[in-house]
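Spelled out from the first residue to the last, the chains are:
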Amino acid sequence: MNASFHPPARTLMGPGPSDVNPRILEALSRPTIGHLDPAFIQLMDEIKALLQYAFQTQNALTLPVSAPGSAGMEAVFVNLLERGDKAIVCVNGAFGGRMKENVERCGATAVIVAQEWGKAIDLNAVEDALKAHPDACMLAFVHAETSTGVRSDAQALAALAHRYDCLAVVDAVTSLGGIALEVDAWGIDAIYSGTQKCLSCIPGLSPVSFSERAVARIRGRQQRVQSWFLDMNLIMDYWGGSSRRSYHHTAPINPLYALHEALLCLREEGLENAWQRHANHHNALAAGLHAMGLPLIVDAGHRLPQLNAVGVPDGIDEAAVRAALLQQYDLEIGAGLGTLAGKIWRIGLMGYACNRRNVLQCLSALEAVLIQQGMALPQGAAVAAANARYQQG
Ligand SMILES: *Cc1c(COP(=O)(O)O)cnc(C)c1O
């Protein structure tokens, strides 16, 4: 007979999942109750209110889709697009590419505004596309491109979308809880996120939110949403007002306990404090990397604090370094994707994993492994530089 599975004790500093707060794991293990139990329905209402806080929105249609971030992405596109529609999609990394896939699978046309990987979306190029395609109904972009560590200007992009009468659609899987994000103030019409990045919850849920404008579009569709499971017209009745709450699918009860706890942690800390914490630990990590001569590949003005794309030095085997960090230090960092495969490491500082101990542990482990790999590095310099940065506050 097989034995129970006991995972090794890892520190997760890659592109997600990130370390899950033990408080959240404890919530996950509480007894399962029925999904139409009045106590559970009250929990659903609380999750909705906490998600509205996290997204900074009053949107009534704010809820967690019962599947990972990719399903939130799909939910947004299948509900807002019909066959024959046109959407402008900004692509500056792997996840923008997936948006294009989704648009096309809806039978819509994707007009691509392509940007070099590692750069932010260019506002002028987007405006040119909006001018050239006045029949487009949507502008879609990734706020925090996890594949490259780039933050694009979501506020300015959403404003551009509205100026050209397009819905502003945003991937906030990695941005939510890590950097400033204000759905209502910025005029975002549809947004999806994930639970396993800066919310430090378990993977498998995707918070989404739709503006009134987006809801009107969903209600006024000519064609049925091709996905029964993700059709918001049906899900609204499940997550909507408690009087007419009716069975759609069995909600993932225990994962929702975990999400509730994760959102409570965020509210207790305060959104702005969480954003500041990510910035502070990023600054210390960046100082340590700099002391080792390791470059961050993204311009300072567009860096994500929660996802650091680090250039691999010449002559270093990037996969061997990651393997050694995992084997010797139980530390997971990420590899590059697409055009950046083999060229970068991706060091995540997400949510609960974004703390001083992890920053210092990561720097000292990386330094030791690079020295093993033959790099001539001044021993201890990285940790000293990070500590000096912390002293500055
Ligand atoms: C992780 C991620 C996704 C996909 O989320 P899953 O939960 O893995 O499906 C989508 N977009 C971005 C920007 C991500 O970082």
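Remember, it's a predicted structure, so these values are computed and weren't measured experimentally.

A. Structural context of the pattern of salt bridges. In the structure shown here, the tally under the stated rule is 14 salt bridges. Put simply, Arg322 and Glu318 hold a salt bridge, and the shortest N to O gap is 2.9 Å. Of this pair, Arg322 and Glu318 are both found in helix α12 (residues 318-329), four residues apart, which corresponds to roughly one turn of the helix. Residue Arg322 is classed as partly exposed on the basis of its relative accessible area of 24%. Each member of the salt-bridge network shares a partner with another, and the members are Arg23, Glu26, Arg30, Glu261 and Glu268.

B. Just the sheet that holds strand β2 (residues 61-65), in detail. Taken in spatial order, the seven strands line up as β2-β10-β9-β8-β5-β3-β4 in an open sheet, and their pairing is mixed. With partners counted over all chains shown, the strands left at the sheet margins are β2 and β4 (109-114), one partner each. Sheet twist, expressed as the average angle between the axes of neighbouring strands with direction ignored, equals 15°. Bridge analysis of strand β3 (residues 86-91) against strand β5 (residues 138-142) gives three bridges, and the strand direction is parallel. Within β5, the residue paired with Ile88 across the bridge is Leu139. Against the sheet, helix α2 (residues 38-55) touches β2, β9 (190-192) and β10 (206-210), its axis set at about 105° to β2. Seen against the sheet, helix α4 (residues 94-105) touches β3, β4, β5, β8 (167-171) and β9 and runs at an angle of roughly 165° to β3.

C. Region of the structure containing the packing of helix α11 (residues 271-291) against helix α14 (residues 381-391). Orientation of α11 relative to α14, taken along the N-to-C sense of each, is 145°, at an axis distance of 7 Å. Note that α11 runs across α14; the crossing there is right-handed. For the pair α11 and α14, the contacting residues are Asn280, His281, Asn283, Ala284, Ala287, Gly288 and Ala291 in the first and Ala381, Ala382, Ala385, Ala386, Arg389 and Tyr390 in the second. Among the residues making up the contact of α11 with α14, the classes are represented as eight nonpolar, four polar and one charged.

D. How the structure looks around empty space enclosed by the protein. A complete count under the given rule lists two cavities of 30 Å³ or more for this structure. Estimated volume of the largest cavity: approximately 40 Å³. Contributing to the lining of the largest cavity are Leu63, Pro64, Val65, Ser66, Phe229, Leu230, Ile235, Trp239 and His249. Of all the elements in the fold, those that place two or more residues in the lining of the largest cavity are β2 and α9 (232-239). The leading source of residues in the lining of the largest cavity is β2, at three residues. Per-class residue counts for the lining of the largest cavity are seven nonpolar, two polar and no charged.

E. Focus on the sheet that holds strand β11 (residues 307-311). Strand order in the open sheet formed by three strands is β11-β14-β13, with antiparallel pairing between adjacent strands. The sheet is open, and its two borders are formed by β11 and β13 (334-335), each paired with just one other strand. Relative to strand β14 (residues 344-348), α12 is tilted by about 30°, and along the sheet it contacts β13 and β14.

F. How the structure looks around the packing of helix α8 (residues 212-219) against α9. Interaxial distance between α8 and α9 falls to 10 Å at its minimum, and their mutual angle equals 120°. Judged by the inter-axis angle, α8 sits oblique to α9. Every residue of α9 that contacts α8 at Val215, Ile218 and Arg219 is listed here: Met232, Asn233 and Met236. Tallied by class, residues from the contact of α8 with α9 come to four nonpolar, one polar and one charged.

G. Quick peek at the side chain of Asn308. For Asn308, the location among the structural elements is in strand β11. Of the polar contacts made by the side chain of Asn308, one reaches the backbone oxygen of Pro305; its length is 3.1 Å. Not counting chain neighbours up to four residues away, the residues in contact with Asn308 comprise His282, Leu285, Leu296, Trp345, Arg346, Ile347 and Leu349.

Here is what the cut-offs are and how they apply
Residues numbered from 1 in each chain as written. Predicted model: local features only at pLDDT ≥ 70, side-chain atom pairs only at ≥ 80, totals over all residues. Heavy atoms only, no water. Salt bridge = Lys/Arg side-chain N within 4 Å of Asp/Glu carboxyl O. Helix = DSSP H or I, 4+ residues; strand = E, 2+ residues; numbered from the N terminus. Buried < 20%, exposed > 50% of the residue type's maximum accessible area, 1.4 Å probe, protein only. Pairing = 2+ DSSP bridges. Axes fitted to C-alpha atoms, helices over the stretch in contact; angles between N-to-C directions. Contact = heavy atoms within 4.5 Å. Left-handed = near helix turned anticlockwise from the far one by under 90°. Nonpolar A, V, L, I, M, F, W, Y, C, P; charged D, E, K, R; others polar. 1 Å grid on protein atoms, 1.4 Å probe; cavity = no way out; pocket = protein on both sides within 12 Å on 5 of 7 lines; lining within 4 Å. Points joined across faces, edges and corners; volume = space filled by probe spheres on them. Parallel < 35°, antiparallel > 145°, perpendicular 65-115°, else oblique. Polar contact = N/O pair within 3.5 Å; in protein donor to acceptor, adjacent residues only side chain to side chain.

Any link to function would need more than the numbers given here.
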